[in-house]
Structure formats: structure tokens, C-alpha cells
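A look at the structure
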Amino acid sequence: KQEVTQIPAALSVPEGENLVLNCSFTDSAIYNLQWFRQDPGKGLTSLLLIQSSQREQTSGRLNASLDKSSGRSTLYIAASQPGDSATYLCAVRPTGGGNKLTFGTGTQLKVEL
Amino acid sequence: DAGITQSPRHKVTETGTPVTLRCHQTENHRYMYWYRQDPGHGLRLIHYSYGVKDTDKGEVSDGYSVSRSKTEDFLLTLESATSSQTSVYFCAISPRLGLADTDTQYFGPGTRLTVL
């Protein structure tokens, strides 16, 4: 059974700092990995999707990397801003079996002024 | 934002009562999903649908049933609610099976259900 772990569970940083969020998964037979953002009381918003054949994806100040063989992904946020405060979740889609995602428990990020 | 609405947004009910949550989409997407989110567990898939009247079980389907009679609506029913089903329930949709970079899942705003 696939297990997805995110460390740390919570993180507080000053504005402007570069930061890295970690995601690890136990079964490397994945089709893709996604990073989502969740604001309090809201649904999830997809940030980046990395196919298993890719090493990284970038969108603005966000860069996600994937090392499938070691079961790890990182989300790098450059020059953090208070508006980045949210919970970040990673999710993996297994090879085969439809678009059934397994989610991590998330990292709650607070960027302080 | 993807056109997904969930109703009700909040509900308090008593143990043993039936509860139905509704997910409505305006995107004409084929795939629809129901998740629950609990502290320490992240999001877990309850049921999903890959077309009208086509549904399948997810990771935590016991105690839940679903129905999809129209493309735009996906209903989640708790036949006899229990306190362990207190949770936040999210509906999601996707156009295809996630075979392309754009085939992500789009999430609704969630329904907070409390079973007393």
C-alpha cells in the first residue's frame, strides 16, 4: 500500500526566505506526482504536476522536483511571501488503476512579515 | 475556478440518520471523486465515478454509497451516519485519467459534516 509522508508538518519562516517542502512515498511505481495548495476552509488547488519521466516542473516562484527511484519530491518556494501561507499537500498517482490519488498529510506553512 | 459546488456546506446530524451530500459541476468532466479529510490522515478517496452510472470504491468506502444519474451530479450517501464519519468531505472532478500535464483534479469547497 502506498504511503505518502510530508515533513515537516508545520513550518514558520520570515518573509523573503527561500524554503523547501519535502514529500516521500514508499512505492516508486507512480505515474505522476502533484503538489496542491489548500487555504483554510477551502478546497485544494493544483500547483504543479510532474510526470514520472520528468525531473522537475517550474511555475513562477515554485519549483518541484521528483526523484522516483528514491521516492522523494521537493517543492521549492523562492522569496516567500505572506500570501504563500497555506497548507501544501503532495499526492501520487499509481501506474494503472485510474486517477486515484494518494495524498500526504500536508505541511502547514506560515510566512511572517 | 472550476465550476464545482457542494451542498450543503455545513451539516450537523445525529447518529443513525441518513445523510446525502451533493456535488454539482458545470464543466462536463467525465470523472468525479469523493474524498474525506481528517487530521493526521490527509485526504482519502471514498468513491469515484468514471461516467454516468459507473462508479467504483476507493480506500475508505465502508458506510458510504454513491450515485451518478447525470454527468453534472455526484451524490454521496451515508446510509446511517456514525460519529466516525464526522469529517470534511471534498468533491473533485477531472476531464480524463490524468494522462497529460493538464489532467489534474479540481476540487470543490468542501462540506463540513458533524455527526453527534
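Residues numbered from 1 in each chain as written. Chains lettered and ligands numbered in written order. Predicted model: local features only at pLDDT ≥ 70, side-chain atom pairs only at ≥ 80, totals over all residues. Heavy atoms only, no water.

1. A look at the overall build of chain B
Note the threshold: Labels follow the DSSP assignment, with helices taken as runs of H or I lasting at least four residues and strands as runs of E lasting at least two, numbered in each case from the N terminus. The globule rule used here is 2.2 Å times the number of residues to the 0.38 power, and the radius of gyration it is set against is calculated over C-alpha atoms. The buried label applies to any residue whose accessible area, calculated with a 1.4 Å probe on protein chains only, is under 20% of its type's maximum; exposed applies above 50%, and partly exposed to all values in between. Here, Shrake-Rupley sampling with a 1.4 Å probe gives the accessible areas, and only protein chains in the shown set may cover a residue. Within this scheme the basic residues Lys and Arg register as positive and the acidic residues Asp and Glu register as negative, but His and the chain ends are omitted. Working definition for charges: the position is that of NZ of Lys, CZ of Arg, CG of Asp or CD of Glu.
In terms of regular secondary structure, chain B is built from zero helices and 11 strands. Expected size for 116 residues packed as a compact globule is a radius of gyration near 13 Å; at 13 Å, chain B falls within 12% of this value. In chain B, buried positions account for 48% of the 116 residues. Surface exposure of chain B reaches about 5500 Å², of which carbon and sulfur atoms provide 49%. Counting 12 positive and 13 negative side-chain charges, chain B places the centres of these two groups 3 Å from one another.

2. Quick look at the sheet that holds strand E7 (residues 62-67) of chain A
Residues and elements named next belong to chain A. The following threshold applies: Strands qualify as paired when DSSP identifies two bridges or more between them. Axis angles are defined between N-to-C directions and span 0 to 180 degrees, where every axis is a line fitted to C-alpha atoms and, for a helix, only to the segment in contact.
The sheet built from five strands is open, its strands ordered E1-E3-E8-E7-E6 with antiparallel pairing. The open sheet terminates on both sides in strands that have one partner only, identified here as strand E1 (4-7) and strand E6 (56-59). Between one strand and the next, the sheet's axes are offset by a mean angle of 15 degrees, whatever the strand orientation. Taken together, the six bridges between strand E3 (residues 19-25) and strand E8 (residues 72-77) define a ladder with antiparallel strand orientation. Its bridge partner being in E8, leucine 21 is matched across the sheet by leucine 75.

3. Topic: the interface of chain B and chain A
Heads up, the rule is: Whether two residues are in contact is decided by their heavy atoms, any of which lying within 4.5 Å being enough. The term salt bridge refers to a pairing of a side-chain nitrogen on Lys or Arg with a carboxyl oxygen on Asp or Glu at a separation within 4 Å. Within 3.5 Å is the distance limit for a polar contact, defined as a pair of N or O atoms, with the added protein rule that one can donate a hydrogen and the other accept it, and that residues adjacent in sequence qualify only through two side-chain atoms. Amino acid classes used here: Ala, Val, Leu, Ile, Met, Phe, Trp, Tyr, Cys and Pro are nonpolar; Asp, Glu, Lys and Arg are charged; the rest, including Gly, are polar.
Contact residues are listed per partner, giving 26 residues for chain B and 24 residues for chain A. Counting across the interface, chain B meets chain A through one salt bridge. Across the pair lysine 1 of chain A and glutamate 59 of chain B runs a salt bridge whose closest N-O atoms are separated by 3.4 Å. Remark: the boundary between chain B and chain A carries four residue pairs in polar contact (both at pLDDT 80 or more). Among the secondary structure elements, those contributing two or more residues to the side of chain B that touches chain A are strand E4 (31-38), strand E5 (42-51) and strand E9 (87-94) of chain B. Here the side of chain B that touches chain A takes four residues from E5 of chain B, the largest share from any one element. Classifying every residue of the side of chain B that touches chain A by side-chain character gives 11 nonpolar, nine polar and six charged.

4. A look at the packing of aromatic side chains
The line we're drawing: Only rings of Phe, Tyr and Trp enter the pairing, Trp through its six-membered ring, and a pair is recorded when the two centres are within 6.5 Å. The plane angle decides the type: under 30 degrees is stacked, over 60 is edge-to-face, the rest tilted. Only Lys NZ and Arg CZ are tested; either one counts as a charge over a ring when it is within 6 Å of the ring centre and within 35 degrees of the ring normal.
Here the structure, examined in full by the defined rule, presents nine aromatic pairs over all chains. Judged by centre distance (6.2 Å) and plane angle (45 degrees), the rings of tyrosine 48 of chain B and tyrosine 50 of chain B are tilted. According to the relative accessible area criterion, tyrosine 48 of chain B is buried, its value standing at 10%. For tyrosine 50 of chain B, a relative accessible area of 30% corresponds to the partly exposed category. A connected cluster of aromatic rings, assembled from ring pairs, spans Phe36 and Phe103 of chain A together with Tyr33, Tyr35, Tyr48, Tyr50 and Phe107 of chain B. Over the ring of tyrosine 31 of chain A we find arginine 93 of chain A, and its NZ or CZ is 4.5 Å from the ring centre.

5. Considerations on the sheet that holds strand E7 (residues 64-70) of chain B
All names here are of chain B. Across the sheet, which stays open at both edges, the four strands sit in the order E1-E3-E8-E7 with antiparallel pairing between neighbours. Looking along the sheet, the strands with just one partner apiece sit at the ends: strand E1 (4-7) and E7. Strand-to-strand twist of the sheet, defined as the mean angle between neighbouring strand axes without regard to direction, takes the value 20 degrees. Sheet topology note: the E1/strand E3 (residues 19-25) ladder contains four bridges and is antiparallel. Its bridge partner lying in E3, threonine 5 is registered against histidine 24.

6. Comments concerning the pattern of salt bridges
Any two side chains of opposite charge can pair, so long as their charged atoms come close to each other. All names here are of chain B. If you walk through the whole model with that rule in mind, you get eight salt bridges over all chains. Arginine 36 is the salt-bridge partner of aspartate 38, the closest N and O atoms lying 2.8 Å from each other. Exposure class is identical for aspartate 38 and arginine 36. Each is buried.

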